[in-house]
Each structure stands twice: as structure tokens, then as C-alpha cells.
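Per-entry structural report
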There are 2 protein chains.
Amino acid sequence: MKPTSKNIPLKNTSVSGGFWHKRQELNRNVTIHAVYDRFKETGRFDAFKLEWKEGDDEKLKPHIFWDSDVAKWIEGAAYIISKNPDPALEKIIDETVDLIEKGRWDDGYFNIYYTLMEPDNRFTDRWNHELYCAGHLIEAAVAYFNATGKDKFLKLMCDYADMIEKAFVTDKWPKFTSPGHEEIELALVKLYHATGEKRYLDLSRHFIDVRGVNDDLDYMQSHKPVREQEEAVGHCVRAVYLYSAMADLAAETGDKSLFDAADKLFDSLAKKKMYVTGGLGQTCVGEAFLSEYDLPETSAYCETCAAIGYIMFANRMSAINPNRKYDDAAELALYNGFLCGVSLDGKSFFYDNSIEVDLIGVHSPKDGRHNPFAPITQRVEVFDCSCCPPNVTRLIADIGEYSCSANDSTIWLHQFIAGEFEQDGKKITVETLYPENGKIKITAEGNFTLALRLPAWCKNYILSGGKNTKLQSDGFIYVDVADGEVLEYGLDMPVRFVQANPKVRQCCGRLCVQRGPLVYCAEGVDNPTPLRGLFVDPTAGGKLNKNEELNFWEIELDGFVQPESDELYYDYDSALVPQKIKLIPYYAYANRGETDMLIWLSRK
Amino acid sequence: MKPTSKNIPLKNTSVSGGFWHKRQELNRNVTIHAVYDRFKETGRFDAFKLEWKEGDDEKLKPHIFWDSDVAKWIEGAAYIISKNPDPALEKIIDETVDLIEKGRWDDGYFNIYYTLMEPDNRFTDRWNHELYCAGHLIEAAVAYFNATGKDKFLKLMCDYADMIEKAFVTDKWPKFTSPGHEEIELALVKLYHATGEKRYLDLSRHFIDVRGVNDDLDYMQSHKPVREQEEAVGHCVRAVYLYSAMADLAAETGDKSLFDAADKLFDSLAKKKMYVTGGLGQTCVGEAFLSEYDLPETSAYCETCAAIGYIMFANRMSAINPNRKYDDAAELALYNGFLCGVSLDGKSFFYDNSIEVDLIGVHSPKDGRHNPFAPITQRVEVFDCSCCPPNVTRLIADIGEYSCSANDSTIWLHQFIAGEFEQDGKKITVETLYPENGKIKITAEGNFTLALRLPAWCKNYILSGGKNTKLQSDGFIYVDVADGEVLEYGLDMPVRFVQANPKVRQCCGRLCVQRGPLVYCAEGVDNPTPLRGLFVDPTAGGKLNKNEELNFWEIELDGFVQPESDELYYDYDSALVPQKIKLIPYYAYANRGETDMLIWLSRK
């Protein structure tokens, strides 16, 4: 099979004037520096000097995944630099690259932890993230090369990849055959793109092909060969990085069996294991998936990185075989499960994203300590395992790449991101405040077919301009546009009441309020608690009020509240009392102090 | 304060002709023997020979609480013997008592585990259940003495109690000051009643008074002095045994501060921590309480022994200060959370009693193994920690004692158990099929005041006969009866729809169907699954159908079902489809194979 389209790469995009431009400005002005500061003070950057030794401050002792934290920061900074040159950021990266050059092994290997702590044990412990770190360093090097044209980092990483190929493919001396934490597979495809060297693509395919052949660990998706996997299992971030690489390889090699397996795994996620926010990961125990349809709320996991990997995966799939099912899922995760991961001021982060917060039981009544099994209630600036903050940074900086794909004849508009997107003489300029409203103005340059996603949540739309308009079964509206033509695409965006499949025992019978791609939630700071005592009437609709301070639309519902009682159980008497209910976008929750939060509201 | 009444003791009661008589016959003919067989084959009886040594079968290695398992069995057998003499049961008990006599220490001490495994470490490890085992042996000895008049066992236990008193009160050499698992406190009050020796009452009070003074373990309710405790915390069975002893001591000593503390703790249970079945224990982690109002369903714990202890506690409280709040709670636990603990054939048992079973996720899709965090789905005949089966046996055999309390002028009818109950020239004969229906016929012998509990769930009743009838604020109807008078007490028992306090996030907005004291549930074997997809209409009422085979009333509801969907989330369209819903009493669930079960049904 041949991929239908390819994503329009970052360099051919320019995000401007809309929701994501604001986010990118915050990312560039605040977040990238906040994360740098935290990483600097926790020793992550200095760790590249390879100077830490036993007896030094234990807090600064390099962890097995510190390389990847900094690598993701570099990748994000590179995306920023590519659009807004920034000598200060470049200096940080160049210095770090110099340290990598200085510290790498003669054979090209680089890893802070193993070099310092266990130099004799390279590639002996599959659990220790070596290839994961290598993968992120490779991604960073490719991004920096694309941003600046500087190839020193890229060459270092080519040497490292060559060393890995020799070890795993030629000499076969490592104690394991495929990565314990997937990531390098998709990075090698990027390295192939940056260098044109097919051996990196082959090495990626090698890691995919040997996975699950001689081992049996469903925690790391190696319980069976990847082409035979049908259910998403194990550690969530590992899973979505693997699936993204499967999609990449299917696109490059035309391997239909790989695409079909990835498609089944996508359905396993989107139809059986995904929270209504697009979040993935049902339990913090192993940061993992649970059974199909088992989606607990107060103990949900939903790591920000898992949402990011899910967006990466879905976006890749829809370029290969455009279908709104992928883009709807990516959009859901983007505006909710992912965006919730960073505070409105851009400085703090959720590692796991709660689906419900009930402060009852969160803190020990004895000493106020946070109950380890209770939901996280507040974003923090840094954590021991700080994979998410730089991952947030790189996705926001790279968001332009997630908007469009193209082939010779067509541009697909997957995500409604304001900006300019160009490929091979075809260009669209998208003007929109989406998701604030559903008005999308598109100006075409060149003559081509434009494919506009019609989100499944949208039941009414208008489209003016273009010719031969037809809605296809893939969920895209195909319309022929002429050079200079302006299209007005309008998605009706009413307040919607969404229910869950009855197999989801946790929220069956309750309702999630949504508008466009945004999931809404009730916060205790705005509503009487317990929030479960609020009841919504789906026939009553909702009213929009602009919150100017926090810059989003609130939804006001004419709802009801179950009166307080001194009793634990009592006869049902339908005595609900009218109560205004105020909802805010889920991504904005927990920005006004610790408070209850609920997505799935009781239905009157 | 002086206790208002005292329970009419077992010897003055005779259960006949109703629901509990059938249960007692099953208990006498099947359960007591089934438990004996399992205990015999697992080595629990032979352990009293004190012959096990290292190198012998590890499976037969005595556990720290085996003494108590057999002691509870003896206690239950003694209650049975007291009503139905049984030489075979007596022989088993006598032989066991002989072994205790032979195996006890010169100072009176007896404990299988410590004698065999750690003879030098007596009373050094508070966690090792020594005093708990002693308590159950004392209870067994008292029961056997009351049943047969044989005092050998009783004397052995007096010696043991004397040894404990010397150790803990006089010599103070043990490494802890109060029991790690409460139980002996209430046993010592029974020993005081059987012997008239006040020193046993004093020893009980000693253990209560020193508890929580110099330690800080809320797991075993010793985080503060018991009179200062207001919230039920820690291990559930420990808690309710402690609270029962607090009630006993308050009754004996008139200690109002102890009664008031027990009353607060009762409210903590009944108003904030009790499942709708009367089950206690919100998590299997530590078999413990969680926060107030946090009542998870599929991970509920609800140990059968905790329900038993709760019934014991509530029953004691209502004798001291009659109030239907205690008896309603005891009744709820009795007919639901407790009775569920034994199968309809009397042979198998639940240790923990699930509140909801969703077979999704119960078994590993890989190898079918039971997920350790999934609800228990089937009763079993024996388990490593087999405290519950003999505890079930002893409560059923002793149930007559839970029916009435009396003082000079009045008999209180707390539980509607068919039989005869007599105290000091006052006697009532209760004829009823309760809870099959609400008709209760009471014949009086003697002239006295009869106090009939009006359950809070009963909104309409009739009462014919008697004089000066008045309903008091304690929830009892007081009526003066004359010798030979017959009262007809009729409790209206419609199908009721019960809701939870909105603070209980897990079931807020859903409904529990009840009739009289019985909680009903839907089973997958009777209804389409997922059961959460069923919706009930509280305005539609319910129809009763007799299940002749299993001998209970089923409830048929004109309900609805949310249609199956291939999607995980979709717009609410109110498209519920009419669906008959069949409910059975909760106590009868899981008697027809492994299947889904749900108590809290969605509301239309």
C-alpha cells in the first residue's frame, strides 16, 4: 500500500493569529525557560558534563532518563528557533552538543547514566531506557539540524545510531534484542528523513520486526509480534510510541500488515480504552492500560506524555489513510487530555491528569499528606520523572506539523489551526479562532482539492466557495479550489451532552458536556460540592458566558442539586432543587487552587 | 447511666417456624459439618495436638489465628448443642478441650503457634493475634459451659485469663499493653457473666482504658484513647469488636463517656462508612475503612466478619439505649451484608462481599487468572484466613439472642425473628414469615409493656391489640399487653427505591431497590449485560414473583436498557429501550455461577 498523503512538515507551516499562536507565544516566552530553569537547577543539564561521582549530592545523581528530558527540551527549543531565531537557546543547545561530543565513547555511544555508573553494563538491562534516551537524542539532533542547518549534533547521533546498528544487528552482543521502552524506532525514521540513509530506516524496521518474537512482556508490548497485536496493553507511553513507529514504517515501506495492525490498535484505544478527554492510561500502577471499558475516574492515570503519543500516532495514521476517526481522536486529546497537562500561565505541569477530583480522601486527616492513591490535584513545576514538561513544550512548538497533510492533488486539513500551510505549490491560509467558535476561513493559493475534516461531533455545517463539494465516507468534505479562492467553513458548535457506552460502568448513565472539541468540567470553586450531587437536564441546553480573565467560554446550565442530608441512604423522592451549574473547559481546571472537579455529571 | 434493658439470653429463647429457623436447620445439618470437615482436613483441629514440627507438611503448619478458627467453630457448635443436644459435636469439643488441657503451659497460657514456633516470644509481638485467639477460646468456653454445664473448658480459660491479668496488669512484662487485634475485651465480659468474677470485667476495662494512651496506630484503633475516638478507622473487624466491648463495658459499669464514644463511632459507621448492604470495609488494602463517604463498589471489601461485628455492636447499643437506628442498621447488615456471606446450600462462604461484579477485567485475558484487585465472584469452601465460616455458624446458631431485650417492665422486640422469648415471667411468641412479608403476630404471656421496633423504612403499618399504644421518638411503638393477648403487627413492605447521599460519589444519582430489610440486586444470569446499562424508573413500581426453587421473592421492574453501541462515547439521545429487569435479594447472589451483579442501578 502507498500512503495517501504525507504531513506538511514544520518548515512549510506558519502558525499565526489563533488559539495555538497564543499557546506558542506562551511556550516560547515562558514555558521553554521555566522548564530549562527547573532542569538546570535539578542538575539535568550539568549531568552532560559527566562529572558526578559517588559522594556528590545524591539529588544531582543522574537518572537513567535524564538524557531524554534534556533531549526533548532541545527538540522543543529547536522547533521554536526554527520559527523565531534565538541565540540564547542556540547557545544552550550548542554547549550541550559540545558536552555530548566530549563525553561520547569512541564507538559513538552516549548515555550519561551508563557512562558514569555502569560503564561495563551497556545494553545489558532492557529496563534501563538506554535506547529510549538514544531515540530522544536522535529526535533532538534532527530537529536542531532542520532548524539551524548545523549538523554536528546530527553527525554525532548518526555515529551513535551506527554503533547501535552494529551492536544489535551485526554483532548481536546486547543482552536484549529490542528496546525496553520504545521511542528509538520513530526517531530512526526521522534520522532517515534527515540524512537519506536507508540503513536507519532498516534499523527501525529491525527493532519493530524482532519485537515480541522471543519474549513475552505485555508491559512493553512484546508479548507477541507487533503485527499480531490487537489490544493496547501495558505501559501507555511505550505503547503509543511503538504504534507511532509502526505507522511511520507502514508509510515508508508500504507494509500493509503493519498499517492494519496499527489500525486495530488505534481502535482498541479509541473505542475501548480512551477517557472522554482523549487521555490514555487507566491506572497509575505501571502507568498502564487496564481492561477494555474499565475507565475508573478518581484513580485515572492519563499521563500527559500518553496523550502526546496518542496525538502523534493518530496524526500519522490519518496522513497515511485520511479518516476523521483518527483526527477526531487527536483533536480530543489535543484540546483536553494534552492541554490540561500545562497550566494557563505555562509554568507548571500535570504528569497524570485526573478525570475526577473529590477532595474527600485526598489528604490524610491525620497529617494532611496526599494519599498516594488519590488523584493529583495541582500542577507542579518539576518532578523526579519529568518527561512531560519538555514533551509539552515540543508538541506546542511543533503543532503546525499536525494540521495538514498533502499529496500531489490534495491538501487535507486535519486540525483547524490558524496559519499558513504550503506544499508543492499548493497553499492554504487558515483564519480561525477555533475552538472559540466554529468559523474557519480558508484562502487557497494554487488549484487543487481541499479536504476539510467534518468532525463527527458536528451535526450541521456550512461551506461556501469551491466546486464539486462532496462529503466522503472518510469524514472529509472534498472541494476543488481555485487560486485565490476564499472558503467559509462553519461548524455548528452547540453545547452537547455526551454519554458513554454502557459497558463503561464508571460513567454509564451520566453525561459529559462538550462544545466543539472541548470537554467541559465542573469545579468546586464555581459550584456547590459534592459535585456528584449536581444534575444536568440534557433537554435544557446551556448558555455561553465569556470568561475574559481566563479567556474561554464558560457554560452555564440550568441544572439541579440533590439536597444535603444527614442520612447516608434514604428513599428516592425526586426532590432535586434548581441550581445553576457553571462549567469550564477541562484543560483549564486546577488553575484557581485545589478544588473538586467533575467531568461526568449526573443526569436528571 | 444505667442500661435501659438487657438482651434476653439464648437460653431463654427458642427460634421456630420462620426464616431464621430454616437457616438454623441448614446451619445445624450442613454448615457446622462442612466447616468442621474443612478445618479437619486443613489441620486446624489436629494442630491442637501440638505435634507439628519443622520438616512436616508446610500446609499443615499452624497459623497464628488457627486457635480462633476452631474456637469460633466450638462456640457455634455449643449454641447448636444448647438447643439440639448432639453427642457427636460434644465429643469433638471434649477432645479438643482435652488437648488444650494437655497442651497448656503451667501458667495457664495456651496458644498453638507460640507454643510450637516461638515459645520464648510470648506477648512480644502485638501483631500476632495471641490475645485475639485467647478471646475466642474464652467465648467458646463460656458458650460450651452455658450449653452443657461442663466447666472444664471454662476453668482452663479462667486460668488463662488469670495468667493474662498477671502478665499485663500485675507484672507488666509483655512488650505491648493492649491487644493488637481486639476481641478479648468482649470475651472477658462474657467470662465475668459466666463466673461472676469481677476481675475479668476489670481486666476487660483495663485493656479498654490503656488502649491508645501510649501508642499511635489507627490501624488497630489505638491512635487515641477510645473515649476520644469519633471516626471509625483502621481494620474493620478489629474496630467493631472493640466497639462491641465498649458497649458491653458501658452496660456493666454505667460509664456514660464510653457509651457516648461508642454512639459517635456507631454514627460514623452508619452515617458515613456503611455500604447500603450494611457491609463495612471500603478497601481490601488492610481490610480497612477509607474516608467518610468514599464507598467504591467493584473494589469494596465488606468482610463477612465485619458485618457480624457490626450486628453485635448495634445490638448491644440498642439494649443499653433502645433506638431503632441501631436495630435498623443491624437488620440491614443481618439480611444483606452478613447473609450474603454464606451460600444458599450452606456449604461455601464469602470472605469479602462484593458490592458490584463486572466480569470485565476480573480474569486475565492471558491466562484466566483472577485479577487480585477485581471483586470476588464466587463463594469458596475454605480459605487460608478462614475466620468467616465459623463466625457465620456461631451467629446463626445464636440469632435468638439478637431478637429481644428486656427490663422489669418491658420487652423490646428489636428483630422480627419467629420464636419464643421469655424473661422474668414475661414472654412473647412471635409468628412471622418476615422478611417474606411484614405480618408479625405476637402472643403475650404476662402483663407488661411491649416495645415494637418500627423500622425507618416502613412508612405505613397497622397494629391491633394492646392498650396505650404510642410511637416514641426512639422509633419503638410502646403498647401495654395483657396475659394471653394477641397482637397483629403489619409492616407495609412495598418495593422501595433508595438513593445515596450526594457525598457518596460512587453511587450518587443511582438507585438501590429494596423491600423491607432486603436489598435487591440484578444478576447477569437474569438480565442483559452490562448491568450498568439498565435503567430503572422509580415511578413505575415493581412486581413481586415468588422464586419457589430458591425460596424468595424476585422483583420485576418495567425498566429500560441503553442500546449497545460500537462507539465509546456518543451524543445523548435518550434512546432507552424498554426492558424488564429482574432483581433478586442481594444475599442470594452468586448462587448460580459466576455472573455480573449490580446493586446501584442507573435511574431513567
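The rules we used
- The numbers attached to residues start from 1 for each chain and follow its sequence in the written order.
- To read the labels, note that chains go from A and ligands from 1, taken in the order they are written.
- Given that this is a predicted model, residues contribute local features only at a pLDDT of at least 70 and side-chain atom pairs are listed and counted only at 80 or more, while totals for whole chains, interfaces and linings are drawn from all residues.
- The basis for every side-chain value is the complete set of heavy atoms in the structure, and neither hydrogens nor water enter the calculation.
- DSSP calls a pair of strands paired once it identifies at least 2 bridges connecting them.
- Counting from the N terminus, the helices are the DSSP runs of H or I reaching at least four residues and the strands are the DSSP runs of E reaching at least two.
- Axis geometry follows a simple rule: fit a line to the C-alpha atoms, using only the stretch in contact for helices, then measure angles between N-to-C directions, giving values from 0 to 180 degrees.
- Multiplying 1.5 Å by the helix residue count minus one yields the expected span of that helix.
- Each residue's exposure class comes from its accessible area (1.4 Å probe, protein chains only) as a fraction of the maximum for that residue type: buried when under 20%, exposed when over 50%, partly exposed otherwise.
- Residue contacts are counted whenever heavy atoms from the two residues lie within 4.5 Å of one another.
- Put simply, buried area is how much 1.4 Å-probe accessible surface two parts lose in total, over both of them, once they are put together.
- By definition here, a salt bridge exists when the distance from a side-chain nitrogen of Lys or Arg to a carboxyl oxygen of Asp or Glu is within 4 Å.
- In the analysis that follows, any N or O atom pair within 3.5 Å is treated as a polar contact, provided that within protein one partner can donate a hydrogen and the other can accept it, and provided that, for residues neighboring in sequence, both atoms belong to side chains.
- Confidence of the predictor in every single residue is expressed as pLDDT, which spans 0 to 100.
- The aromatic pairing rule takes the rings of Phe, Tyr and Trp, using the six-membered ring of Trp, and pairs them if the centres are within 6.5 Å, calling planes under 30 degrees apart stacked, those over 60 edge-to-face and the rest tilted.
- The rule is short: NZ of Lys or CZ of Arg within 6 Å of the ring centre and within 35 degrees of the ring normal puts a charge over the ring.
- For the least-squares superposition of copies, only C-alpha atoms count, and only for residues with pLDDT at least 70 in both.
- Put simply, buried Ala, Val, Leu, Ile, Met, Phe, Trp, Tyr and Cys residues joined by side-chain atoms within 4.5 Å make one nonpolar core.
- Roughly parallel means an angle under 35 degrees; roughly antiparallel means over 145; roughly perpendicular covers 65 to 115; every other angle is labelled oblique.
- For a crossing to be left-handed, the near helix must be turned anticlockwise from the far one by less than a right angle; the clockwise case is right-handed.
- Put simply, Ala, Val, Leu, Ile, Met, Phe, Trp, Tyr, Cys and Pro go in the nonpolar bin, Asp, Glu, Lys and Arg in the charged bin, and everything else, Gly too, in the polar bin.

**Notes on the sheet that holds strand β10 (residues 461-464) of chain A**
Residue and element names in this part refer to chain A. Reading across the sheet, the six strands line up as β2-β6-β7-β8-β13-β10 and stay open at both edges, with antiparallel pairing between neighbours. Every other strand in the sheet has two partners, leaving β2 (13-15) and β10 as the edge strands with one partner each. Put simply, the sheet's adjacent strands are angled 15° from each other on average, direction ignored. Where β2 meets strand β6 (residues 419-423), three bridges bridge the pair, whose relative direction is antiparallel. Bridge pairing links V15 to G419 in β6.

**Notes on helix α5 (residues 130-148) of chain A**
All names here are of chain A. Along its 19 residues, α5 runs 27 Å from first to last C-alpha, staying within 8% of the 27 Å computed at 1.5 Å per residue. For α5, the buried fraction is high: 15 of the 19 residues fall into the buried class. Immediately downstream of α5, the backbone of G149 shows phi near 80°, a positive value.

**Side note on the interface of chain B and chain A**
Listed by partner, the interface residues are 57 residues for chain B and 56 residues for chain A. Counting the surface lost from both chain B and chain A, the interface buries some 5,000 Å², and carbon and sulfur atoms represent 52% of this. For the chain B face of the interface with chain A, the top three residues by lost area are B:R505, B:Y569 and B:Y572, together amounting to 17%. Its salt-bridge partner being A:K271, residue B:E567 comes within 3.8 Å of it at the nearest N-O pair. In this structure, the connection of chain B to chain A is made through 26 residue pairs in polar contact (both at pLDDT 80 or more). Within the residue set of the side of chain B that touches chain A, elements represented by two or more residues are α10 (256-273), β14 (495-500), β20 (569-571) and β23 (600-603) of chain B. In this structure, strand β14 (residues 495-500) of chain A lies alongside β20(B), joined through three bridges in antiparallel fashion.

**Here's the deal with the confidence of the model for chain A**
Averaged over all residues, the pLDDT of chain A equals 96, while 99% of them reach at least 70. Both scores are available for the predicted complex, with the pTM at 0.93 and the ipTM at 0.94.

**Side note on the side chain of A:T595**
All names here are of chain A. Of note, T595 is situated in the loop between β21 (577-585) and β22 (597-598). A polar contact of 3.2 Å, which involves the side chain of T595, links it to the backbone nitrogen of G524. For T595, the side chain forms a polar contact with the main-chain nitrogen of V525, separated by 2.9 Å. Once you skip the residues sitting within four places of it in the chain, T595 turns out to touch V357, L359, E523, G524 and V525.

**Concerning the packing of aromatic side chains**
For the structure shown, the criterion picks out 65 aromatic pairs over all chains. When the ring of A:Y109 is compared with that of A:Y160, the centres are 5.5 Å apart and the planes differ by 75°; the resulting orientation is edge-to-face. Linking A:Y109 in the loop between α3 (87-103) and α4 (112-116) with A:Y160 in helix α6 (residues 152-171), this pair joins segments that are 51 residues apart in sequence. A:Y160 matches A:Y109 in its accessibility class, with the two residues each being buried. Among the aromatic side chains, those forming a connected cluster through ring pairs are A:F19, A:W20, A:Y335, A:F416, A:Y434, A:Y461, A:Y489, A:F552 and A:Y587. Its guanidinium or amino end placed over the ring of B:Y589, B:R379 lies 5.9 Å from that ring's centre, counting from NZ or CZ.

**Describing the side chain of A:S244**
Residues and elements named next belong to chain A. In this structure, S244 sits in helix α9 (residues 236-253). Take S244: its relative accessible area is 0%, and that puts it in the buried class. Within the local environment of S244, its side chain forms a polar contact with the backbone oxygen of V240, the two atoms lying 2.8 Å apart. Contacts of S244, omitting those with residues within four sequence positions, involve L186, G309, M312, F313 and R316.

**Some points on the relation of the copies chain B and chain A**
When chain B is fitted to chain A, the best match, at an RMSD of 0.0 Å, comes from turning it 180° and sliding it 0.1 Å along the axis. The operation mapping one copy onto its partner corresponds to a two-fold rotation axis. Of the residues that chain B buries at the interface, 98% are likewise interface residues in chain A, meaning the two copies contact each other through the same surface.

**Regarding the pattern of salt bridges**
Residue and element names in this part refer to chain B. Taken as a whole, this structure holds 114 salt bridges over all chains when the rule is applied. E554 serves as the salt-bridge partner of K582, at 3.6 Å between the closest nitrogen and oxygen. Here E554 lies in strand β19 (residues 552-561) and K582 lies in strand β21 (residues 577-585), a separation of 28 residues in the sequence. Exposure remark for K582: the relative accessible area of 26% places this residue in the partly exposed category. Residue classification places E554 among the buried positions, given a relative accessible area of 9%.

**Describing the pairing of strand β8 (residues 439-445) of chain B**
Residues and elements named next belong to chain B. Here β8 shows one buried face, formed by I440, I442 and A444, and one open face, formed by K439, K441, T443 and E445. Of the strand pairs in this sheet, strand β7 (residues 426-432) and β8 are connected by six bridges, and their pairing is antiparallel. Bridging from a neighbouring strand, T429 pairs with T443 of β8. Following β7, the chain reverses through six residues before pairing antiparallel with β8. Both β8 and strand β13 (residues 486-491) contribute to a ladder of five bridges, which runs antiparallel. If you follow I442 over to β13, its bridge partner there is L487.

**Section: the nonpolar core**
Within the largest apolar cluster, 202 residues are counted, with the highest numbers of intra-cluster contacts made by B:W20, B:W73, B:I164 and B:F338. In terms of residue count, the dominant contributor to this core is helix α9 (residues 236-253) of chain B (13 residues). Not counting the four nearest positions on each side in its chain, B:W73 is found in contact with B:I32, B:V35, B:Y36, B:F39, B:F45, B:L89, B:I92, B:I93 and B:P390. Core analysis: the second largest hydrophobic core is formed by 200 residues, A:I81, A:A314, A:M317 and A:L413 among them.

**A short note on the sheet that holds strand β12 (residues 476-481) of chain B**
All names here are of chain B. Strand order in this open sheet of six strands is β1-β4-β5-β9-β12-β11, and the pairing throughout is mixed. Two strands bound the open sheet, and with one partner strand each, they are β1 (6-7) and β11 (467-471). Two strands pair when backbone bridges link them, and β1 and strand β4 (residues 404-406) are joined in this way by two bridges, in the antiparallel orientation. For K6, the partnering residue across the bridge sits in β4 and is A406. Of the strands in this sheet, β9 (448-453) and β12 are in contact with helix α12 (residues 324-338), which crosses β9 at around 55°.

**A closer look at the packing of helix α6 (residues 152-171) of chain B against helix α7 (residues 184-195) of chain B**
Between two packed helices, what matters for the description is the angle formed by their axes and the separation of those axes. Residues and elements named next belong to chain B. Here α6 crosses α7 at 125°, and the two axes come no closer than 11 Å. In terms of their interaxial angle, α6 and α7 are classed as oblique. For the crossing formed where α6 meets α7, the hand is left-handed. Contacts between α6 and α7 involve L154, M157, C158, A161 and I164 on the former and, on the latter, I184, L188, L191, A194 and T195. Classifying every residue of the contact of α6 with α7 by side-chain character gives nine nonpolar, one polar and no charged.

**Concerning the environment of B:P119**
Following the sequence through the fold, B:P119 ends up in the loop between α4 (112-116) and α5 (130-148). Excluding anything up to four places from it in sequence, B:P119 contacts B:W105 and B:Y114.

**Some remarks on the environment of B:R532**
Assignment of secondary structure puts B:R532 in the loop between β16 (518-523) and β17 (534-536). Along the sequence, B:R532 and B:R126 sit 406 residues apart, while their C-alpha atoms lie 44 Å from each other. Among residues more than four places away in sequence, those in contact with B:R532 are A:P502, A:R505, A:Q506, A:C508, B:E297, B:E356, B:R510, B:L598 and B:S602.

**A closer look at the packing of helix α8 (residues 198-210) of chain B against α9(B)**
All names here are of chain B. Where α8 contacts α9, the axes come no closer than 11 Å and their chain directions differ by 130°. One finds that α8 runs oblique with respect to α9. Handedness of the crossing formed by α8 with α9: left-handed. Two secondary-structure elements touch here, α8 through L201, S204, R205 and I208 and α9 through L242, A245, M246, L249, E252 and T253.

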